[in-house]
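Residue strings, one per chain:
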Amino acid sequence: MTHLDLLADLIARARAAGADAADAVLVSGTSLSVQRRLGRTEHLERSEGRDLGLRVLVGKRAAIVSSTAVDPAGFAALAERAVAMARVVPEDPYAGLAEEARAVDAGPLDLCDPAEPDAESLIARAGAAEEAALAVKGVTNSEGAEAGYGRTEVALVTSPGFAAGYTRTSHSISATALAGSGTAMQRDYDYSSAVHLADLEDAAGIGRSAGERAVTRLNPARPKTAKLPVVYDPRVASSLLGHLAGAINGASVARGTTFLKDKLGSRIFPVGIDVIDDPRRHRGLASRAFDGEGVPTALRNLVEDGVLASWLLDSRSARQLGMKTTGHAVRGTGGPPSPAPSNLYLRPGVLSPAALMSDIVEGLYVTELMGMGVNGITGDYSRGAAGFMIRNGAIAEPVAEITIAGTLPEMFAHMIPADDLRFRRSVNAPTIRVEGMTIAGA
């Protein structure tokens, strides 16, 4: 039986057991990863698995059961257990399947690379990355390099008749290098991930970048406390979009636990700022034709010309807010759907990173963030950071052991993006400048 046939059978068992509605998801995957350190293969792992999740609704009561045993002989018992659980849980007035679920043309997403690498090719890839890192002058040690491959198949069936699935592959390479010695040692890393191997960045280039990053961090200073402009390297700039995504998550908005709860339709960024979620991006790391409830996906401007234009909604949060789902439901096999972005990015600006920094007499260029000191209710922001000072428009000495602080509303309102956007992950941003942040140092 195909995965869709298996799920259709499970749905039928749930209806026979007394469910008014049901949906089921099956996730099966294969992964292969290797880790090399100092010329030796330290880790080689291959895994395969299948996970099944069933959600049933009895009136406005919902329950979810999951299993790693995908055996039709056990479907009746699984369905009966789910229905029995649903009958005893409290009613949820917003529970229900998505009325907007329907079959959709996946289009040219191209999410599956037919070529599967073997262990030898991954070992060679990881080895090339580590060798390049160790070859950088000043690198004294390595935390290793890792290469991986994964293939995931997702199938979703609902009792009203939606049935579809897709396959996604992934390739990755990473390296971590150490420079210096003793207590003065510094580390840094680089990595690349892609749906297709052809789009993966060169392994030696990743290793060389990791080594060079580590060396430039040697002998960091600790700057004095001050209020300065802060420039976020693209590697950490994407975290600001992550905070935005959390603040416009429909579940948080419905609970009133976000500092943006009353800001839909209001300006929260400067004129010209666009934040876009594109689940239909060709070969995108988080692309999908339909969401976790079977709702068709589409490109959506979450922020348009600086104005907050949309929440991230699944069907439940949409009902709470008296709105329609935006097709942003995601789910695993053991929990209900919840809203989340797909390929989220900040549209690039017009200035190069150099031009963006050219008028900064003294500032901070951040390359690493630590800790999670962000309050989603108030927007207060405080995180550990490391990077480089900016002096007279140029990157200067490395700095570490500092804290950067502000509030997300103020940071969003004083944000300027550069023109160097690259799509390297599922959340992407160019270099970003933020005015007037507090730098707590010496």
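Look above for the structure.
Residues numbered from 1 in each chain as written. Predicted model: local features only at pLDDT ≥ 70, side-chain atom pairs only at ≥ 80, totals over all residues. Heavy atoms only, no water.

Chemist: What exactly am I supposed to notice about the packing of aromatic side chains here?
Modeler: What characterises a pair of aromatic rings is the spacing of the ring centres plus the angle enclosed by the ring planes. Overall, the coordinates contain six aromatic pairs when judged by the stated rule. Ring geometry for Tyr189 and Tyr191: centres 6.3 Å apart, planes at 20°, overall stacked. On the numbers, 6.3 Å between centres and 40° between planes, the contact of Phe259 with Phe412 is tilted. One end of the pair, Phe259, is in the loop between α6 (250-255) and β8 (275-277); the other, Phe412, is in helix α9 (residues 408-413), and 153 residues separate them in sequence. Phe412 shares its class with Phe259; the two are buried. The positively charged end of Arg281 is found above the aromatic ring belonging to Phe423, 3.5 Å away from the centroid. (Phe/Tyr/Trp six-rings, centres within 6.5 Å; stacked < 30°, edge-to-face > 60°. Helix = DSSP H or I, 4+ residues; strand = E, 2+ residues; numbered from the N terminus. Buried < 20%, exposed > 50% of the residue type's maximum accessible area, 1.4 Å probe, protein only. Lys NZ or Arg CZ within 6 Å of the ring centre and 35° of its normal.)

Chemist: Can you walk me through the pairing of strand β16 (residues 394-407) in this structure?
Modeler: Along any regular strand the residues' side chains alternate between the sheet's two faces. Pairing of strand β15 (residues 380-391) with β16, which is carried by 10 bridges, proceeds in the antiparallel orientation. The residue of β16 that forms the bridge with Arg391 is Ala394. Linking β15 back to β16 in an antiparallel pair, the connection comprises two residues, with Asn392 at a positive phi of about 50°. Where β16 and strand β19 (residues 432-440) come together, three bridges link them in antiparallel fashion. Its bridge partner being in β19, Ala405 is matched across the sheet by Thr438. (Pairing = 2+ DSSP bridges.)

Chemist: Help me understand the packing of helix α1 (residues 3-17) against helix α2 (residues 75-86) in this model?
Modeler: The angle between the axes and the distance between the axes are what describe a pair of packed helices. Relative orientation of the contacting elements α1 and α2 amounts to 50°, with a least axis distance of 8 Å. On the basis of their axis angle, the class for α1 and α2 is oblique. Like other packed secondary-structure pairs, α1 and α2 cross with a definite hand, here right-handed. On the side of α1, the interface is formed by Leu6, Asp9, Leu10, Arg13, Ala14 and Ala17, while α2 contributes Phe75, Ala76, Leu78, Ala79, Glu80 and Val83. (Axes fitted to C-alpha atoms, helices over the stretch in contact; angles between N-to-C directions. Parallel < 35°, antiparallel > 145°, perpendicular 65-115°, else oblique. Left-handed = near helix turned anticlockwise from the far one by under 90°. Contact = heavy atoms within 4.5 Å.)

Chemist: What is the right way to read the nonpolar core from this model?
Modeler: The tendency in soluble globular proteins is for nonpolar side chains to be buried side by side. One finds Tyr232, Leu244, Leu364, Tyr381, Ile404 and Ile432 to be the most contacted residues of the largest nonpolar core, which totals 46 residues. Top element by residues in this core is helix α5 (residues 234-247). It accounts for seven residues. Not counting residues within four places of it along the chain, the set of residues in contact with Tyr232 comprises Ala237, Leu240, Val366, Leu369, Tyr381, Ile404, Met411, Pro430, Thr431, Ile432, Val434 and Met437. Listed in part, the 24 residues of the second largest apolar core include Ala24, Val56, Val83 and Ala155. (Core = buried A, V, L, I, M, F, W, Y, C linked by side-chain atoms within 4.5 Å.)

Chemist: Is there a simple way to think about the environment of Arg391 in this case?
Modeler: Relative to the helices and strands, Arg391 resides in strand β15. The class of Arg391 is partly exposed, set by a relative accessible area of 33%. On a C-alpha basis, the gap between Arg391 and Val361 in space is 5.3 Å, while along the polypeptide they are 30 residues apart. Excluding anything up to four places from it in sequence, Arg391 contacts Ile360, Val361, Glu362, Ala396 and Glu397. Separated by 3.1 Å, the side chains of Arg391 and Glu362 make a polar contact. (Polar contact = N/O pair within 3.5 Å; in protein donor to acceptor, adjacent residues only side chain to side chain.)

Chemist: Any chance you could explain the environment of Gly441 here in plain terms?
Modeler: If you trace the backbone, Gly441 turns up in the segment after β19. In the structure, Gly441 is positioned 220 residues away from Ala221 in sequence and 9.5 Å away in space, judged by C-alpha atoms. The residues contacting Gly441, other than those within four sequence positions of it, are Arg222, Pro223, Lys224, Thr225 and Ile402.

Chemist: Can you walk me through unusual backbone geometry in this structure?
Modeler: Outside of glycine, negative phi angles account for most residues, and trans bonds account for most peptide bonds. Positive phi, normally seen in glycine, also occurs at Leu38, with a value near 50°. Relative to the helices and strands, Leu38 resides in the loop between β1 (21-37) and β2 (40-58). Under the relative-accessibility criterion, Leu38 is labelled partly exposed at 45%. Phi angles above zero are rare outside glycine, and Arg283 is one such case at about 60°. When you line up the elements, Arg283 lands in the loop between β8 and β9 (300-304).

Chemist: Would you mind showing me how to read helix α3 (residues 119-134) here?
Modeler: For an α-helix, 3.6 residues make a turn, and residues three or four places apart therefore share a direction. Between its terminal C-alpha atoms α3 stretches 22 Å, which fits the 22 Å expected from 16 residues at 1.5 Å a residue. Ala119, Leu122, Arg125, Ala126, Gly127, Ala129, Glu130, Ala132 and Ala133 are the residues of α3 that are buried. (Expected span 1.5 Å × (residues − 1).)

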